[in-house]
Amino acid sequence: MSPAADAATRTARRSTRFVSWVRAWRAGLVPFDELADEIARDEEHLVADAPGTWTDVPLPQGLPAFAKVHPDDIRLVLPAPGDPRGLPGPGELTGAAMLAGEAVMTPEFGVVPEVRRHVSGSGVEFETVIWRYFPVADYRPVFQMGAAEAEGELTLALSEATAQLTKLDVAQWKPELAGALQALRRPESTATLPPGFDPRARRLFARASVLDQVLALAETSAPGGAVNGFEAQQRDAALRPLTTACRQALVAACNSPLHA
């Protein structure tokens, strides 16, 4: 796998970590002191507009807003253009979530990550993640498929997409994408869920996390104009069902029932 593909396959969507670890905490399976570090890892995370706060605060000070929320009421939502499933009606929250492509939902509020990029005085680039809270009125989650069904859908979509990309000779004009897809056949992902998730959810999350980042590579244009408009349309058509199945898999894994 190329360095670009390798780097892209090591980071899961931030909301997947947020939802899974906060749910595990609310289920009494992990201590509160671990949450912020597990969610943020080596990034700087702040919270904006959290209940009981008046300015942006460090992540640990924004997490107590979940203290009275049942773990089953904390839900991952991964919307996409034309597919706002899991979000409330039109409004500020839905707009922010559609822009970010992810959100954390509860019956009374939603949380959306916003990435701010900065350049230091010495020219070093870095990012700050702002988790912005939005109030909602009596949010009710929509039906979602379970981990078993999502795993089957993902396996089928991956097989079909790989076959179509092989016919398109994607390796010729997008070698990092071809290499990354091939790597999915080997269980190399380090993405994991906290205690409480069953083996199927863990397996599904690990696989879908890698695939999610591989698909991000496919959104970039091939170098040197190696792909014309028609070829790009064929590529996008081949990957569209796989992208949907990947989002469904991440949602199913992170929202799956917890076990002591």
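Here, every reference points to the structure presented above.
Below, the structure is looked at part by part. (Residues numbered from 1 in each chain as written. Predicted model: local features only at pLDDT ≥ 70, side-chain atom pairs only at ≥ 80, totals over all residues. Heavy atoms only, no water.)

## Brief notes about the overall build of the chain
Where we set the bar: The secondary structure listing takes helices from DSSP runs of H or I that are at least 4 residues long and strands from runs of E that are at least 2 residues long, numbered from the N terminus. Accessible area is worked out with a 1.4 Å probe on protein chains only. A residue is then buried under 20% of its type maximum, exposed over 50%, and partly exposed in between. Accessible areas in this description were obtained via Shrake-Rupley with a 1.4 Å probe; residue shielding takes into account the shown protein chains only.
Each helix and strand in the chain was counted, giving 10 helices and six strands. Taken across its 260 residues, the chain has 47% of its residues classed as buried. Of the roughly 13200 Å² of accessible surface on the chain, 54% is carried by carbon and sulfur atoms.

## A word on the sheet that holds strand 4 (residues 103-105)
To be explicit about the condition: DSSP bridges decide pairing: two strands pair if at least two such bridges lie between them. Every residue pair with non-hydrogen atoms within 4.5 Å of one another is taken to be in contact. Note on definitions: angles span 0 to 180 degrees between N-to-C directions of axes, and those axes are lines fitted to C-alpha atoms, for helices only across the stretch in contact.
Pairing within the open sheet is mixed, and its six strands lie in the order 2-1-6-5-4-3. Edge strands, defined here as strands with exactly one partner in the open sheet, are strand 2 (57-58) and strand 3 (75-77). The sheet contact formed by strand 1 (residues 44-48) and strand 6 (residues 125-135) spans five bridges and is parallel. Bridging across to strand 6, His-45 finds its partner in Val-129. Here helix 2 (residues 14-26) sits on the sheet in contact with strand 1, strand 3, strand 4, strand 5 (109-119) and strand 6, set at roughly 55° to strand 6. Against the sheet, helix 5 (residues 92-100) contacts strand 4, strand 5 and strand 6, and its axis sits at roughly 50° relative to strand 5.

## Thoughts on unusual backbone geometry
Phi is positive for Arg-41, close to 55°, though the residue is something other than glycine. Within the fold, Arg-41 resides in the loop between helix 3 (35-40) and strand 1. Residue Asp-49 is not a glycine yet carries a positive backbone phi of 65°. Counting through the fold element by element, Asp-49 comes out in the loop between strand 1 and strand 2.

## Re the nonpolar core
Note that soluble globular proteins tend to have their nonpolar side chains buried in a common cluster. Stated formally: Here the nonpolar core consists of buried residues drawn from Ala, Val, Leu, Ile, Met, Phe, Trp, Tyr and Cys, with membership extended through side-chain atoms lying within 4.5 Å.
With 55 residues, the main nonpolar core has Phe-18, Leu-59, Phe-66, Trp-131, Leu-154 and Leu-242 as its most contacted residues. Listed by contribution, the elements that provide at least two residues to this core are helix 2, helix 3, strand 5, strand 6, helix 6 (147-167), helix 9 (199-218) and helix 10 (229-254). At 11 residues, the largest contribution of residues to this core is made by helix 10. Beyond its immediate chain neighbours, meaning those up to four positions away, Phe-66 contacts Phe-18, Val-22, Trp-25, Arg-26, Ile-74, Val-104, Thr-106, Phe-109, Val-111 and Tyr-133. In terms of nonpolar packing, the next biggest core, distinct from the first, is built from 10 residues, Leu-87, Leu-93, Ala-97 and Tyr-139 among them.

## A look at helix 6
Given 3.6 residues to a turn, an α-helix orients residues that are three or four positions apart in the same direction. Our working rule: Residue count minus one, scaled by 1.5 Å, sets the expected span of a helix. Each C-beta atom gives one direction from the helix axis, and the arc is the one those directions make.
Taking 1.5 Å as the rise per residue, helix 6 with 21 residues should run 30 Å; its terminal C-alpha atoms sit 30 Å apart, in good agreement. Restricting attention to buried positions, one finds in helix 6 the residues Ala-147, Ala-150, Glu-151, Leu-154, Ala-157, Leu-158, Ala-161, Thr-162 and Leu-165. Along the axis of helix 6, the buried positions cluster into a sector of 135°, meaning they face one direction only.

## Here's the deal with the pattern of salt bridges
Worth spelling out the cut-off: Every case where a carboxyl oxygen of Asp or Glu lies within 4 Å of a side-chain nitrogen of Lys or Arg is listed as a salt bridge.
One pass over the full model with this rule turns up 13 salt bridges. Note that Arg-13 is salt-bridged to Asp-212, the shortest N-O span being 2.9 Å. Remark: Asp-212 occurs in helix 9 and Arg-13 occurs in the loop between helix 1 (3-8) and helix 2; sequence separation between them is 199 residues. When sorted by exposure, Arg-13 lands in the same class as Asp-212, which is buried. Where Glu-114 meets Arg-132, a salt bridge forms, and the shortest distance between an N and an O atom there is 3.7 Å. Within this pair, whereas Glu-114 is found in strand 5, its partner Arg-132 is found in strand 6, the two being separated by 18 residues in sequence. Each of Arg-14, Arg-17, Glu-43, Arg-117 and Glu-127 takes part in salt bridges that share partners, so that together they form one network.

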